Amino acid sequence: MLVLAHISDLHLDGSARATERARRVRDLLWRLPGRVDALLVTGDIADHGTEAEYEEAAGLLGLHDGDAPFPVLTCPGNHDSRAPYRKALLGRPGSGEPVDSVHVFDDAAVLMCDSSVPGSDDGELADETYDWIEATLDELDGDLPALLVFHHPPVALHHPLPDAYRLRDPGRLARLLESRPEIAGLLTGHAHTPAATWFAGRPLVVGPAVTWTLRLPWEGEQAADRDAPPGVAFHVLDDAGRLTSHFRVVT
């Protein structure tokens, strides 16, 4: 059984508000009394993609000092910038290539995929990322269930804001899933609202945002609810390969 915490869309911008909300979520997760195998952070970590914003994120998430009680796994979103992300958040040389990484646990593998498109708010898994996913799954040889994690949902969520900037070419992703039965589910961010649905026969779960919550059309005309508390998801991938998700607000 794999237990994952999941947050998204911190949009750290140097403001006291963004820092306080991120710290509140971090403190809750760091103090959990029970087992969590990793924390997933699904993009838009920085608001402007600057090194200063990533340095703050690295400090809050314990990425450089080992302060976190479990691995912290990240992927970029449309507000992120690859070179500063690599340099200040990950402590690696800056590069404009997709930021993809795999993390293998005893019970499953988690593939953190870069769906950002430099200079655009749209999402896309690049050819390099698809090749990397295929090669990574080949190396795992189907022995472990795998989760694909990225920023942009590949389906409509029934709000014009996230639906205008979802993942391009979802058919290509669907074909990948059809050929890879070991992929147990998809986890994304971007929409600023927790959501659960299906895509190509697999569960698709959208993590809640830290910075603000999206109000759906039937909840009112104003899209951003900045007073709503930050959210956290907890995902359990059990021994049968079933993905179960729970959601909490952080007061």
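So, a few notes on the structure that sits alongside this text. Because the structure is predicted, anything quoted here is derived from the model rather than measured.

### Observations concerning the overall build of the protein chain
Scanning the protein chain from N- to C-terminus turns up six helices and 15 strands. Since a compact globule built from 251 residues should have a radius of gyration of about 18 Å, the 17 Å found for the protein chain is in line with a globular shape. With the C-alpha coordinates of the protein chain rotated into their principal frame, the extents come out at 45 × 45 × 40 Å. Burial analysis of the protein chain (251 residues in total) assigns 55% to the buried set. The contacts in the protein chain between residues at least 6 apart in sequence include a share of 68% that link residues at least 24 apart.

### Details of the pairing of strand 5 (residues 109-112)
Neither face of strand 5 is left uncovered, since the one carrying Ala-109 and Leu-111 and the one carrying Val-110 and Met-112 both have all their residues buried. Here strand 4 (residues 101-104) folds back onto strand 5, and the loop between the two strands holds four residues. In this sheet, strand 8 (residues 146-149) lies alongside strand 5 in parallel orientation, the contact comprising four bridges. The partner of Ala-109 across the bridge, within strand 8, is Ala-146.

### So, unusual backbone geometry
Phi is positive for His-158, close to 70 degrees, though the residue is something other than glycine. Counting through the fold element by element, His-158 comes out in the loop between strand 8 and helix 5 (160-163). Even without being glycine, Ala-200 reaches a positive phi, approximately 50 degrees.

### So, empty space enclosed by the protein
If a probe as big as a water molecule is rolled over the atoms, it shows which places are left empty. With the rule as written, the count across this model stands at one cavity of 30 Å³ or more. In this structure, the largest cavity occupies an estimated 40 Å³ of space. Taken together, Ile-7, Leu-10, Ala-22, Val-25, Arg-26, Leu-60, Leu-61 and Val-210 make up the lining of the largest cavity. Put simply, the parts of the chain that give the lining of the largest cavity at least two residues each are helix 1 (16-30) and helix 2 (51-61). Looking at the lining of the largest cavity element by element, the count peaks at three residues for helix 1.

### Quick look at the packing of aromatic side chains
A complete count under the given rule lists two aromatic pairs for this structure. Here Trp-30 and Phe-70 contribute two aromatic rings whose centre-to-centre distance is 5.6 Å and whose plane-to-plane angle is 80 degrees, an arrangement assigned as edge-to-face. Remark: Phe-70 occurs in the loop between helix 2 and strand 3 (72-75) and Trp-30 occurs in helix 1; sequence separation between them is 40 residues. By relative accessible area, Trp-30 is classed as buried at 17%.

### Observations concerning the layout of surface pockets
In this structure, the largest pocket encloses a volume near 340 Å³. In terms of lining, the largest pocket is formed by 20 residues, of which the most central are His-11, Asp-44, His-79, His-192 and Trp-212. Those elements that provide at least two residues to the lining of the largest pocket are helix 1 and helix 5. For the lining of the largest pocket, the residue count by class is seven nonpolar, seven polar and six charged. The volume enclosed by the second largest pocket comes to roughly 190 Å³. What lines the second largest pocket is Leu-63, Val-72, Leu-73, Thr-74, Leu-89, Leu-90, Arg-92, Val-99, Asp-100, Ser-101 and His-103. The set of elements that each furnish at least two residues to the lining of the second largest pocket consists of strand 3 and strand 4. Residues belonging to the lining of the second largest pocket are distributed by class as follows: six nonpolar, three polar and two charged.

### Points about helix 1
Here helix 1 is 15 residues long and its end C-alpha atoms lie 20 Å apart, about the 21 Å a rise of 1.5 Å per residue gives. Regarding helix 1, the residues found buried are Ala-18, Thr-19, Arg-21, Ala-22, Val-25, Arg-26, Leu-29 and Trp-30. Buried residues of helix 1, seen end-on, are gathered within an arc of 165 degrees and therefore sit on one face of the element. Where helix 1 is buried, its residues contact strand 1 (2-7), strand 2 (38-42), helix 2, strand 3 and strand 14 (231-237).

Rules of the game
- Every chain begins its residue count from 1, and numbering advances along the sequence as written.
- This being a predicted model, a pLDDT of at least 70 is required before a residue's local features are given, and a value of 80 or more before pairs of side-chain atoms are given or counted; all residues contribute to the totals for chains, interfaces and linings.
- Only hydrogens and water are set aside when side-chain values are computed; all heavy atoms of the structure are taken into account.
- Helix and strand labels come from DSSP, where a helix needs a run of H or I of at least four residues and a strand needs a run of E of at least two; each type is numbered from the N terminus.
- Throughout, radius of gyration means the C-alpha value; the globule benchmark is 2.2 Å times the number of residues raised to the power 0.38.
- Burial classes follow relative accessibility: with a 1.4 Å probe on protein chains only, a residue under 20% of its type's maximum area counts as buried, one over 50% as exposed, and anything between as partly exposed.
- Should any heavy atoms of two residues lie within 4.5 Å, those residues are considered in contact.
- For two strands to be treated as a pair, DSSP must find at least two bridges joining them.
- The distinction between a cavity and a pocket rests on a 1 Å grid over the protein atoms alone: a 1.4 Å probe fits inside a cavity but cannot get out, while a pocket stays open yet meets protein on both sides within 12 Å along at least five of seven lines, and a residue with an atom within 4 Å of a point counts as lining.
- Grid points are joined across faces, edges and corners, and a volume is the space filled by probe spheres set on the points.
- For this analysis, a ring pair means two rings from Phe, Tyr or Trp (six-membered ring only for Trp) whose centres lie within 6.5 Å, classed as stacked if their planes differ by under 30 degrees, edge-to-face if by over 60, and tilted for the remaining angles.
- In this count, Pro and Cys sit with the nonpolar residues alongside Ala, Val, Leu, Ile, Met, Phe, Trp and Tyr, while Asp, Glu, Lys and Arg are called charged and the others, Gly among them, polar.
- In this scheme, a helix's expected span is set at 1.5 Å multiplied by one less than its residue total.
- Arc, as used here, means the arc of the directions from the helix axis to the C-beta atoms.

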